[in-house]
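# Close look at the chain arrangement
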Amino acid sequence: MGQAKMIYIYIMGKKYEVPSDVTVMQAMEYSGYKLIRGCGCRGGFCGACGTVYRTPDDFRIKVGLACQMVVEKGMQFIQTPFFPANKKKYDIGELNADLVSLMKLYPEISRCVGCNTCTKGCPQDIEVMDYMAAAIRGDIEAVAKLSFDCIMCGLCASRCPAEEVQYYVAVLARRLYAKHAVPIARHLADKVKEIEEGSLDEEMSKIVAMDKEGLEKLYDNRDIE
Ligand code: SF4
Ligand code: SF4
Ligand code: FES
């Protein structure tokens, strides 16, 4: 296997030479950055590594996840581990699963201009504009289902001309959907009751006292539904 060729990139405006086959995140570490913010799972799941970038051959600003993108020759980027966004506080038990609740907390949803910029920038390939359209219709179930894979990276909000915070609207819809529409999992409630009553204490003590081998055996032989 040959050695990767070296390319120049710009991290926050400073030029670095890095291997051409590394991710943006690895390129930062290769260049000496110690990642304290903007790095979590390294696997595309936590949404901590939002990145804004441009490549020399394209006028457009692009967004992506630093742990998932391979560097490109001459690219320049900055990190956005957090995008400024006002998260509303609410008691989910006091809200109905309807448009009134969404509009009360996030009235700005009606400002969407249908440009689809949010969808184009989403690293999870979520139809963000579609779930925002569903929010405007008050279709809580559609918002909840369409936004299910959201990792809260904030990249959709970073490009929205209507200054929406799509992912907070989506998480509200998912909470409302879970609270009001999804049937209660009876077996879960029963198990919690058993735990509270202490009827699993003996079994639990045995597990806590087990060695690694015993735990692995127990796990391998578990009942799978
Ligand atoms: S919907 Fe927005 S916050 Fe969620 S993953 Fe897509 S870009 Fe990130
Ligand atoms: S980027 Fe903003 S204005 Fe454009 S479709 Fe998405 S939510 Fe609507
Ligand atoms: S570090 Fe978690 S998504 Fe990139």
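Residues numbered from 1 in each chain as written. Chains lettered and ligands numbered in written order. Predicted model: local features only at pLDDT ≥ 70, side-chain atom pairs only at ≥ 80, totals over all residues.

Once that is clear, we can look at the domain arrangement of the protein. Domains assigned within the protein are domain 1 (6-79), domain 2 (92-180) and domain 3 (186-220). When each unit is reduced to the centre of its C-alpha atoms, the spacing between domain 2 and domain 3 is 38 Å. (Domains from an automatic or database assignment.)

Moving on to the sheet that holds strand 1 (residues 6-11). Sheets are built from strands that pair by backbone hydrogen bonding, the pairs being arranged parallel or antiparallel. In space, the five strands of this open sheet follow the order 2-1-5-3-4, with mixed pairing throughout. In this open sheet, the two edge strands, each paired with only one partner strand, are strand 2 (14-19) and strand 4 (62-65). Pairwise comparison of adjacent strand axes, ignoring direction, gives a mean angle of 35 degrees for this sheet. Pairing of strand 3 (residues 50-54) with strand 5 (residues 76-79), which is carried by four bridges, proceeds in the antiparallel orientation. (Pairing = 2+ DSSP bridges. Helix = DSSP H or I, 4+ residues; strand = E, 2+ residues; numbered from the N terminus. Axes fitted to C-alpha atoms, helices over the stretch in contact; angles between N-to-C directions.)

Within the sequence span of helix 4 (residues 128-137), burial applies to Val128, Met129, Tyr131, Met132, Ala134 and Ala135. At the exit of helix 4 stands glycine 138, carrying a positive phi of roughly 80 degrees. (Buried ≥ 20, exposed ≤ 12 C-beta atoms within 10 Å, placed from the backbone.)

Neighbouring ligand 1 are 15 residues, the closest being Cys122, Cys150, Cys153, Cys156 and Tyr167. When residues of the shell around ligand 1 are traced back to their parent elements, those giving at least two are helix 6 (155-159) and helix 7 (166-180). (Near = placed C-beta within 6 Å.)

Looking now at unusual backbone geometry. Of note, the phi angle at methionine 12 is positive, near 50 degrees, even though the residue is not glycine. Here methionine 12 lies in the loop between strand 1 and strand 2. Although it is not a glycine, asparagine 116 adopts a positive phi angle of roughly 70 degrees. Mapped onto the elements of the fold, asparagine 116 is located in the loop between helix 2 (99-105) and helix 3 (117-121).

Around ligand 2, a shell composed of 15 residues is seen, among which Cys112, Cys115, Cys118, Cys160 and Ala162 lie nearest. Counting only elements with at least two residues in the shell around ligand 2, the list comes to helix 3 and helix 4. Considering each element in turn, the shell around ligand 2 owes the most residues, three residues, to helix 4. Residue classes in the shell around ligand 2 are distributed as 10 nonpolar, four polar and one charged. (Nonpolar A, V, L, I, M, F, W, Y, C, P; charged D, E, K, R; others polar.)

Let's shift gears to the nonpolar core. With 47 residues, the main nonpolar core has Ala135, Val143, Val169 and Ala173 as its most contacted residues. Elements represented by at least two residues in this core include exactly strand 1, helix 1 (24-30), strand 4, helix 4, helix 5 (140-146), helix 6 and helix 7. Leaving out residues up to four positions away in the same chain, alanine 173 has contacts with Leu102, Ala135, Ile140, Val143, Ala144 and Ser147. (Core = buried A, V, L, I, M, F, W, Y, C linked by C-beta atoms within 7 Å. Contact = placed C-beta atoms within 7 Å.)

A few words on the pairing of strand 4. Side chains on a regular strand alternate between the two faces of the sheet. The alternating pattern of strand 4 places Val63 and Leu65 on a buried face, while none of Lys62 and Gly64, on the opposite face, is buried. By the bridge criterion, four bridges tie strand 3 to strand 4 in an arrangement that is antiparallel. Bridging from a neighbouring strand, valine 52 pairs with valine 63 of strand 4.

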